[in-house]
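Overview (structure and organization)
Residues per chain are reported as follows:
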Amino acid sequence: MIERPRGTNDFIPPESILREKIIKLISEYLKIFGYKLIETPIFEKSELFKRSVGDTSDIVLKEMYEFKDKKGRDLVLRPELTASVVRAVIQNRLYNNNHLKFYYIGPIFRYERPQLGRFRQATQFGIEYLGNPSFLADFEIIFLTQNLYRYIFNNFNIKNIEFKIHINSIGCNNCRPNYKQKLYEYFVNYEKDLCQDCQKRLNSNVLRILDCKNMVCRNISLNAPKSVDYLCLECKNHFENLLNLLKMNNINFVIDNYLVRGLDYYNRTVFEVKTILDNNTIDLAGGGRYDYLANFIDNNYNIAGCGFAGGLERLTLIINNYNPQKSFNMIKILFSLISEQKGLGIFKYLLSTIENINTNANLLKDNYSFYFSIDNSLKSALKLANNMDLDYIIFIGEQEIEKNIFQIKNLKTGKQKEFSLNEINLLVKNINDFLDKLNR
RNA sequence: GUGGGUGUAGCUCAGCGGUUAGAGCAGUGGACUGUGGAUCCACGGGUCGGGGGUUCAAAUCCCCUCACCCACCCCA
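Residues numbered from 1 in each chain as written. Chains lettered and ligands numbered in written order. Predicted model: local features only at pLDDT ≥ 70, side-chain atom pairs only at ≥ 80, totals over all residues. Heavy atoms only, no water.

1. A look at the pattern of salt bridges
Tallying each qualifying case throughout the model produces 16 salt bridges. Here Glu313 ties to Arg19 by a salt bridge, and the two come within 2.9 Å at their closest N and O atoms. Residue Glu313 is found in helix H11 (residues 312-322), and its partner Arg19 is found in helix H1 (residues 15-32); the two are separated by 294 residues along the sequence. A salt bridge links Lys274 to Asp283; its shortest N-O distance comes to 3.2 Å. Residue Lys274 is classed as buried on the basis of its relative accessible area of 16%. Each member of the salt-bridge network shares a partner with another, and the members are Arg261, Glu272, Lys274 and Asp283. (Salt bridge = Lys/Arg side-chain N within 4 Å of Asp/Glu carboxyl O. Helix = DSSP H or I, 4+ residues; strand = E, 2+ residues; numbered from the N terminus. Buried < 20%, exposed > 50% of the residue type's maximum accessible area, 1.4 Å probe, protein only.)

Put into C-alpha cells, the structure is as follows:
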C-alpha cells in the first residue's frame, strides 16, 4: 500500500463538504469589505522567505520544503503567503494604489511533526491590506479577523465560543534597537539559566526569548523590560489610537507583553487569536503590521501593510467540536424504476427526469441531490434508499404505469402519495410543491 | 528535532509465546416476487503496518523501519 506522505490529508466527505462551505463563507464575507482574491504560486524562490520571514526564524531555519529544479534554481514550497502577496504586489506594479486589499486561501507547507490541528500541508486563509500606514488599517484587520470568525461560527450555530485576541506592539526601526538592547542587557544576566534555544536567541533574536514556553525562561521574562514602555512617540500614538478604536468597538483584547511572533517582518502591531479546546489553547490566527516587508524583498520599495492569516484545519477542528453535524441539510431524493421487464418504455420517465434536473440545476442547487436506480423489487429499492439515508423515493413500476401514476414516499415519515404520470414533467421544476402536497 | 502512546477483518476492538487468529457492528445471500430500518440462518472477508532476529513454536518477546495519535518546540 502506498500511503499519503506524512502530515498530509485526504479530505473526504463530510469533512470536504464542511471545508467547501467555510471557504465559501470566507470569500463572501471578505468581498463585502472590498477584499479581492489573490492567487500566487505554491512554490517560490527560497530567497523570498529567507529575506522576509527571516533567516533566524524557525520556519526558514528548519521547516521549509526546499528543492532545486532541473536548472538548479533554489525553490521552496511556500511556508506562508504574506511574503508572496507583497512580492506579487511589487512585481505587478500595484503599489500606487493606497488601498490594496487582498484575501487568499491556499496550501502552505512546513516540515514539522504533525499534531492536533498541525500538518505538513496546511491550508491558510488570510487578508492583506497594503499601502495604508494608519492605525485605521490595523483596526480594520483586527476587526475583520474577529468578525470573520464570528460570521463563520454563527453560520454553524456556534454561539458563546471564547476566542481571545492577544495584542502587542513591538515598535519600529527607531525604537526597537533600543528596546532590544535593553532586553539583551536584562537577559544576559541570566544567560546560564536560559534554555539552550534561548541562549542562542540572546544573540540572534533576543525578542523571541519572550515567546519561549520553557518555565525557567518564562519566569525570567516576567520582569523583563516591556516593549510598550520603549516605544517611540509615533509607535506609542499608533498603538494607543488602535487600542482606543478597539475599545470603542467593543472588541475584546488582552495586551500580551510576551507576544512577539516568530516572523521577522512584523513591526508595531502584532496580534493572535486564541481559543480553548479541551483545556488546550489553540492559535486560530495571527497577524500584524509589516511596513518593512516590501523593503526586505526589494529595497527600492516601501509599502506599508498589515494582515492576518488563519488555519483552515484548526477552524474545522473547532467547528466539528462544537457542532459535529454530519449532514448538510441537502434533501436527498431517489428516483427509482421498479421493473423486472426493463422494457425500453419505462426508461423514458427516468430520462426525462434527468433531463429536467439538468435544465433546472440552478433552482435545485444547494437544496437537493438526486440519485437514480433500477430495481427488481420495491423492497430492494427501499432497502437501498434506507441504507443511503435518503429523504424521499420517487418510484414508477408496472402497477404505476397501468394506473398512469407515479409515487412519492417520504422515507422519514412513511407518508406516500400518488400523482398523475401526466405531471411527471413538472416534477423537478415544482419539486417543492410536490413535496408540500405529500407532507401536508 | 525530543518524549509518550498506538498499528490485528470495511469500522470498533479482544487475543500478548502453544491447534487452522476471534467478537460486535458493517457486507452479501436466504427466510421475504410491490412497501424499508427488526429477527433468524448461512456465507464471504486477514501478507496480525513492513523488514529482520530469538525460539521446537511469534499477532504475542527483541531490534530496525513506516504510519497514525498526543505532548514539547514552533506555528495556522
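The structure having been displayed, the exposition proceeds.
2. What about the pairing of strand S9 (residues 267-277)?
Regular strands place their side chains on alternate faces of the sheet. With 10 of 11 residues buried, S9 lies mostly within the body of the structure. One ladder, built from seven bridges, connects strand S7 (residues 163-169) with S9; its direction is antiparallel. When the sheet's bridge partners are listed, Ser169 is paired in S9 with Thr269. Here nine bridges tie S9 to strand S10 (residues 280-289), and the two strands are oriented antiparallel to one another. In the sheet register, Leu277 faces S10, and the bridge partner there is Asn280. Between S9 and the antiparallel strand that follows it, S10, lie two residues; Asp278 among them carries a positive phi value of about 50°. (Pairing = 2+ DSSP bridges.)

3. Description of the sheet that holds strand S14 (residues 392-397)
Strand order in the open sheet made by the five strands is S13-S12-S14-S15-S16, with mixed pairing throughout. Lying at the two open borders of the sheet, with one neighbouring strand each, are strand S13 (368-375) and strand S16 (416-420). Between one strand axis and the next, the sheet turns by 20° as a mean value, whatever way the strands run. Alignment of strand S12 (residues 331-338) against S14, held across six bridges, turns out to be parallel. If you follow Leu334 over to S14, its bridge partner there is Ile393. (Axes fitted to C-alpha atoms, helices over the stretch in contact; angles between N-to-C directions.)

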